[in-house]
Amino acid sequence: MSQAQGGTVKIAYSPCPNDTFVFHAWAHGHVPGAPALDVTFADIDVTNGMAERGELDVLKVSYAVLPWILDRYALLPCGGALGRGCGPLVLTREPGASGDGDLAGRTVAVPSERSTAYLLFRLWAADKVPGGVGEVVVMPFHEIMPAVRDGKADAGLVIHEARFTYQDYGLHRLADMGEHWEATTGLPIPLGAIVAKRELGEERLRQLADAARGSVRMAWADPDASRAYVMEHAQEMDPAVAEQHIGLYVNEFTAGLGDEGYAAVRALLTRAAAEGLVPPLGHDALGFG
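Described below are features of the structure shown in this document. Bear in mind that the values here come from a model prediction, so they are computed numbers and not experimental data.

**Digging into the packing of helix 1 (residues 17-27) against helix 8 (residues 202-221)**
Item 1. Axis separation between helix 1 and helix 8 bottoms out at 7 Å; the angle between their running directions is 110°. Relative to helix 8, the element helix 1 is oriented roughly perpendicular. Crossing handedness for the pair helix 1 and helix 8: right-handed. Taking contact as the criterion, the partners of Phe 21, Val 22, Phe 23, His 24, Ala 25 and Trp 26 in helix 1 are, on helix 8, Leu 208, Ala 211, Ala 212, Ser 215, Val 216, Met 218, Ala 219 and Trp 220.
Item 2. A per-class count over the contact of helix 1 with helix 8 returns twelve nonpolar, two polar and no charged.

**Comments concerning helix 12 (residues 258-274)**
Item 1. For helix 12, built from 17 residues, the straight-helix expectation of 24 Å at 1.5 Å per residue is met to within 8% by its first-to-last C-alpha distance of 24 Å.
Item 2. Just beyond helix 12, the residue with positive phi is Gly 276, at close to 75°.

**Overview of the side chain of Thr 254**
Item 1. Here Thr 254 shows up in helix 11 (residues 252-255).
Item 2. Residue Thr 254 is classed as buried on the basis of its relative accessible area, which comes to 0%.
Item 3. What Thr 254 contacts, discounting residues up to four positions off in sequence, is Val 22, Cys 78, Gly 79, Gly 80, Val 216 and Tyr 249.

**Brief notes about the side chain of Ser 14**
Item 1. Summarising the element assignment, Ser 14 is placed in the loop between strand 1 (9-13) and helix 1.
Item 2. Of note is the side chain of Ser 14, whose polar atom sits 3.1 Å from the backbone nitrogen of Cys 16.
Item 3. Polar side-chain contacts of Ser 14 include one of 2.8 Å to the side chain of Asp 19.
Item 4. Residue contacts for Ser 14: discarding those within four places in its chain leaves Asp 19, Thr 20, Phe 41 and Ala 42.

**Quick look at the environment of Leu 120**
Item 1. Mapped onto the elements of the fold, Leu 120 is located in helix 4 (residues 116-128).
Item 2. Overall, the relative accessible area of 3% leaves Leu 120 in the buried class.
Item 3. In this structure, the C-alpha to C-alpha distance between Leu 120 and Arg 93, residues 27 residues apart in sequence, is 21 Å.
Item 4. Here Leu 120 is in contact with Pro 88, Met 177, Trp 181, Ile 189 and Leu 268, once residues within four sequence places are set aside.

**A short note on the sheet that holds strand 8 (residues 136-138)**
Strand pairs in the sheet, formed through backbone hydrogen bonds, run parallel or antiparallel to each other.
Item 1. Here five strands make up an open sheet; going across it, the order is 8-7-9-6-10 and the pairing mixed. Across the chains shown, the open sheet's two edge strands, defined by having one partner strand only, are strand 8 and strand 10 (172-176). Neighbouring strand axes in the sheet, compared pairwise and without regard to direction, differ in orientation by 30° on average.
Item 2. By the bridge criterion, three bridges tie strand 7 (residues 108-110) to strand 8 in an arrangement that is parallel. Considered in strand 8, the bridge of Val 110 is made with Val 138.
Item 3. In this fold helix 4 packs onto strand 6 (89-92), strand 7, strand 8, strand 9 (155-158) and strand 10, with an angle of close to 130° to the strand it touches most, strand 9.
Item 4. Lying on the sheet, helix 5 (residues 141-149) is in contact with strand 6, strand 7 and strand 9; it crosses strand 9 at an angle near 150°.

**Re the packing of aromatic side chains**
Item 1. Across all of its chains, the model carries six aromatic pairs by this definition.
Item 2. An angle of 55° between the planes, with centres 6.3 Å apart, marks the rings of Phe 41 and Tyr 229 as tilted. Note that Phe 41 is positioned in strand 2 (residues 37-41) and Tyr 229 in helix 9 (residues 227-232), a separation of 188 residues in sequence.
Item 3. On the accessibility criterion, Tyr 229 (10% relative accessible area) is buried.
Item 4. For the cation-ring pair, Arg 114 lies above Trp 68, with the distance from its terminal atom to the ring centre recorded as 3.6 Å.

**Here's the deal with the pairing of strand 1**
Item 1. The element strand 1 is extensively covered by neighbouring structure, given that four of its five residues are classed as buried.
Item 2. Pairing analysis gives five bridges linking strand 1 to strand 2, with the strands arranged parallel. Bridge assignment links Ile 11 to a residue of strand 2, and that residue is Val 39.
Item 3. At this point the chain moves from strand 1, through helix 1, to the parallel strand 2, and the crossover so formed is right-handed.

**Considerations on the pairing of strand 3 (residues 58-62)**
Item 1. In terms of residue burial, strand 3 counts as a mostly covered element, since five of its five residues are buried.
Item 2. Sheet analysis places strand 1 next to strand 3, joined by two bridges and oriented parallel. Residue pairing for strand 3: Ala 12 is matched across the bridge by Leu 59.
Item 3. Inspection of the sheet shows strand 3 paired to strand 11 (residues 189-197) by five bridges, in the antiparallel sense. Paired with Val 58 across the two strands is Ala 196, which belongs to strand 11.

Cut-offs and rules
Residues numbered from 1 in each chain as written. Predicted model: local features only at pLDDT ≥ 70, side-chain atom pairs only at ≥ 80, totals over all residues. Heavy atoms only, no water. Axes fitted to C-alpha atoms, helices over the stretch in contact; angles between N-to-C directions. Helix = DSSP H or I, 4+ residues; strand = E, 2+ residues; numbered from the N terminus. Parallel < 35°, antiparallel > 145°, perpendicular 65-115°, else oblique. Left-handed = near helix turned anticlockwise from the far one by under 90°. Contact = heavy atoms within 4.5 Å. Nonpolar A, V, L, I, M, F, W, Y, C, P; charged D, E, K, R; others polar. Expected span 1.5 Å × (residues − 1). Buried < 20%, exposed > 50% of the residue type's maximum accessible area, 1.4 Å probe, protein only. Polar contact = N/O pair within 3.5 Å; in protein donor to acceptor, adjacent residues only side chain to side chain. Pairing = 2+ DSSP bridges. Phe/Tyr/Trp six-rings, centres within 6.5 Å; stacked < 30°, edge-to-face > 60°. Lys NZ or Arg CZ within 6 Å of the ring centre and 35° of its normal. Right-handed = clockwise from strand over helix to strand, strands pointing away.

Set out below in C-alpha cells:
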C-alpha cells in the first residue's frame, strides 16, 4: 500500500523557481484540506527515472516520459508546465545561423533523451535538418552552455533559465523549438507534468489535483509568500531571472490543462510516436482517475 494512503504524500519536484513557487503553499501546510507533503528535490531527469521505477506517490516529470509510466501513474490536470514562447533553444557559438541544415552531421549536447525538450528538438530536426544531426551527447544541463562555448559540442539544447542567460556565455540562438512547435501545431508547448500513482484511487487523485490547484492559486494570490522558499532552492539564480522564470512557466495551464492543454500533450506524443521516439499511447491513456 502506498504511503499516501496513510496520510503524508511522498512527492518529488525540481528546485526550479516555477516548481517551488507552485508547491510552496501545499508544502508548508497552507492549503486547506490538503494532505501533508514529504518533499524530495530532484532535477527532472532524476524524477523521470523515479517514475519509471514506480518510486514515490507524486512526481513532476517530463511529458516525454508519459508513454512509459501511464500504466502506473495518472496525469493530474494541474500543477505542471505548458505555455507559449517558452520552448527549448538550440544554441551555437556562431552568430547568424539560418537554422536550416546548420546542424547536419554536427554534435549536439542535450540534457536528456527522455525529455520533452529532446522530443521537440527531434521533431524540429526532422523538418529542418536534411540528413539529420550527427552525434547526440547527453550531459548535465548546467554543463551544456560551457561545452558549446568551449568547443566540446557544436550546439546545445537548453531549457529553463538558459533562455535569459545564454548571451552571458557568448552564445547565439540557432533555433527556438517552441516557435517551431507553435507554428506547426498552433498549440501550447508541453513541458513538465504532475503525475500520481493510480493505485491511490480516483477519490485520492482528485484530492491531490485539488491540492495542487489550490497551491497554484494561493501562490498567485500572494507572490511574496513564496519568495524566500523559491530563492532558497534557486541555486544562486539572480532574483530577477527567477521572477522571469516563474512568469514564463506558471500560467493558466498550471491551474488546469483544459481542452487545449490535453490537445497539446496528445499532439506531442502522437507526433513523437510517429517518428519512433516513444511508444504509442494507449486508448484513453491520458484519462484521469
